[in-house]
Amino acid sequence: PQESREDEIVRLISDLRDTRVRQDDPERLIKAIERLGDLKATAAIDDLIQLIGFRRTFSWERNDGFVVERQPITPGNRYPAVSALFQIGKPALPALVQVIEGSESNSIESTNATYAVQSIFRENLPEGVKYLRHAAKQSFTVLMGQRLSTAARRIEALSRKVERSK
């Protein structure tokens, strides 16, 4: 019997929440994260946010003495949840804002959340800057607003670089 989309999402989220899967079968966890991104599973956003700092180790990085392959490492492929949240898109933005607000600006969580926001707004980076600045004004504390403003400045700097290269 064919598994329904909803049943598949429930099963995959269950894999994300299973600490044994995280420890014993990181490849299964990565596949679940990637599939949830492919499905644009908004139900998985909170669970993916919990894994925004989960780091993939590529086979060629393992210390077996041989380098088989190399590929450019971006936050999206190093941290699979970043890519999945990007694929889900704008529905993930409120959760990404919460990560930026609640994390030190230079933490891997904040950096990855900022990268995901930047990726979601890749076609219109100034819109991403505007979104984060608006969120900063809505923040509950000055510190949360500062963190969002820092993220906005990072995306704004990238936006200027992109404009200059055109």
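Cut-offs applied
- Residues numbered from 1 in each chain as written.
- Predicted model: local features only at pLDDT ≥ 70, side-chain atom pairs only at ≥ 80, totals over all residues.
- Heavy atoms only, no water.
- Helix = DSSP H or I, 4+ residues; strand = E, 2+ residues; numbered from the N terminus.
- Rg over C-alpha atoms; globule rule 2.2 N^0.38 Å.
- Phe/Tyr/Trp six-rings, centres within 6.5 Å; stacked < 30°, edge-to-face > 60°.
- Buried < 20%, exposed > 50% of the residue type's maximum accessible area, 1.4 Å probe, protein only.
- Expected span 1.5 Å × (residues − 1).

Caption draft 1: Looking closely at the overall build of the chain. Counting its regular elements, the chain contains ten helices and zero strands. When the helices and strands of the chain are placed in sequence order, the string is α-α-α-α-α-α-α-α-α-α. On C-alpha atoms alone, the chain measures out to a radius of gyration of 17 Å, which is about the 15 Å that the 2.2 N^0.38 rule sets for 166 residues. C-alpha atoms of the chain, sized along the principal axes, occupy 45 × 40 × 30 Å.

Caption draft 2: How the structure looks around the packing of aromatic side chains. If you walk through the whole model with that rule in mind, you get one aromatic pair. Pairing Phe-121 with Tyr-131 gives two aromatic rings, centres 5.8 Å apart and planes at 40°, and the pair type is tilted. Taken together, the positions of Phe-121 in the loop between α8 (108–120) and α9 (125–138) and Tyr-131 in helix α9 put the pair ten residues apart, joining distant regions of the chain. With a relative accessible area of 27%, Tyr-131 lands in the partly exposed category.

Caption draft 3: Structural detail: helix α3 (residues 26–38). Its 13 residues give α3 an end-to-end C-alpha distance of 18 Å, which sits within 8% of 18 Å, the value for a rise of 1.5 Å per residue. The first or second residue beyond α3 is Lys-40, which carries a positive phi of 50°.

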